[in-house]
Amino acid sequence: MKKKLSVNDRFSMTGTTMTFNTVSLNKLCVYVSCPMALGDRRTNMLKGIDMAQTLLEKGYCPFVPSLHFTWGDEYPDNSYDTWLAMDLVWVGRCDALIYLPGLSRGVENEIKFAEENGIPVFSNVEDLDKWAASRLEYIENHAPTVQVGKSVNGANKAYFEYMETAEGYSQS
């Protein structure tokens, strides 16, 4: 039997679902560039994930494009150039790029694009941390925070209230 959840229940759920709380938007987004076309793809992907975990633990918001390969496995009709082009869009959305050892066409394109667009490029976490230290002081004083489910104008909560009456959200 499904239990109907109230708006307030959804904003305080924990466990296997989601906790709604205040989210700081003062994290630097870092693009993790690693060579995927050279060597063993799974090993390369895991190196990218390991770097992302290190960055996450240091307070960054990492983006791991190598995970797109699992998407590409499901939709093989997308060309390699499609993936490279999409990756450049993400490079442009990040605050910095860090690359792992071993250059490939993709990594070279990402580094070149970042440099041409004024996005800092790093080959190690220590240099990224030094750069980030100066940026974080500014960001901490200027970045907004968002209370998920209770935005400044109440739009998120209003949406859930509307959907509750329109569709009757529930959880088993």
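Look up: the structure comes first, before these words.
This structure is a prediction, so every number in the text was calculated from the model and none was measured.

Considerations on the sheet that holds strand β6 (residues 121-122)
At step 1: Reading across from one edge, β4-β3-β5-β6 is the order of the four strands in this open sheet, with parallel pairing throughout. The sheet is open, and its two borders are formed by β4 (61-63) and β6, each paired with just one other strand.
At step 2: Sheet analysis places strand β3 (residues 29-33) next to strand β5 (residues 96-99), joined by four bridges and oriented parallel. Bridge pairing in β5 places V32 opposite I98.
At step 3: Here helix α2 (residues 41-57) sits on the sheet in contact with β3, β4 and β5, set at roughly 160° to β3.
At step 4: In the packing of helix α5 (residues 105-116) onto the sheet, contacts are made with β3, β5 and β6, and the angle to β5 comes to roughly 150°.

Remarks on the environment of A132
At step 1: In this fold, A132 is placed in helix α6 (residues 125-142).
At step 2: Judged by relative accessible area, A132 falls into the buried class, the value being 1%.
At step 3: In the structure, A132 is positioned 105 residues away from K27 in sequence and 9.8 Å away in space, judged by C-alpha atoms.

Here's the deal with α2
At step 1: Between the first and last C-alpha of α2 there are 24 Å, a value that for 17 residues agrees with the 24 Å anticipated at 1.5 Å per step.
At step 2: Every buried residue of α2 is accounted for by N44, M45, G48, M51, A52 and L55. An end-on view of α2 places all buried positions within 120° of arc, on one side of the element. When the buried face of α2 is taken as reference, the exposed residues oriented beyond 90 degrees from it are R42, D50 and E57.
At step 3: Taken from the residues just after α2, G59 is the one with a positive phi, measuring 100°.

A closer look at the layout of surface pockets
At step 1: In this structure, the largest pocket spans a volume of roughly 340 Å³.
At step 2: Together, 25 residues line the largest pocket, and M36, F69, Y80, W83 and D87 are the ones closest to its centre.
At step 3: Mapped by element, the contributors of at least two residues to the lining of the largest pocket are β3, α3 (68-74), α4 (80-93) and α5.
At step 4: Considering only residue class, the lining of the largest pocket consists of 13 nonpolar, eight polar and four charged.

Some details on the nonpolar core
At step 1: In this structure, V32, M51, L55, Y60, I98, L128 and W131 are the most contacted members of the largest nonpolar core, which totals 19 residues.
At step 2: Looking at this core, the elements that each hand over two or more residues are β3, α2, β5 and α6.
At step 3: Within the second largest apolar cluster, nine residues are counted, among which are F63, V91, L97 and I119.

Notes on the pattern of salt bridges
At step 1: Taken as a whole and judged by the stated rule, the model has four salt bridges.
At step 2: The partner of D129 in a salt bridge is K58, with the nearest N and O atoms 2.8 Å apart. Within this pair, whereas D129 is found in helix α6, its partner K58 is found in the loop between α2 and β4, the two being separated by 71 residues in sequence.
At step 3: Residue classification places K58 among the partly exposed residues on the basis of a relative accessible area of 46%.
At step 4: A salt bridge links R105 to D81, with the shortest nitrogen-to-oxygen separation between them at 2.2 Å. Highlighted residues: R105 in helix α5 and D81 in helix α4, separated in sequence by 24 residues.
At step 5: Taking the relative accessible area as the measure of exposure, R105 reaches 45% and is therefore partly exposed.
At step 6: Taking the relative accessible area as the measure of exposure, D81 reaches 45% and is therefore partly exposed.

Each value, and the rule that gives it
- Residues numbered from 1 in each chain as written.
- Predicted model: local features only at pLDDT ≥ 70, side-chain atom pairs only at ≥ 80, totals over all residues.
- Heavy atoms only, no water.
- Pairing = 2+ DSSP bridges.
- Helix = DSSP H or I, 4+ residues; strand = E, 2+ residues; numbered from the N terminus.
- Contact = heavy atoms within 4.5 Å.
- Axes fitted to C-alpha atoms, helices over the stretch in contact; angles between N-to-C directions.
- Buried < 20%, exposed > 50% of the residue type's maximum accessible area, 1.4 Å probe, protein only.
- Expected span 1.5 Å × (residues − 1).
- Arc of directions from axis to C-beta.
- 1 Å grid on protein atoms, 1.4 Å probe; cavity = no way out; pocket = protein on both sides within 12 Å on 5 of 7 lines; lining within 4 Å.
- Points joined across faces, edges and corners; volume = space filled by probe spheres on them.
- Nonpolar A, V, L, I, M, F, W, Y, C, P; charged D, E, K, R; others polar.
- Core = buried A, V, L, I, M, F, W, Y, C linked by side-chain atoms within 4.5 Å.
- Salt bridge = Lys/Arg side-chain N within 4 Å of Asp/Glu carboxyl O.

Treat this as a map of the structure, not an account of what it does.
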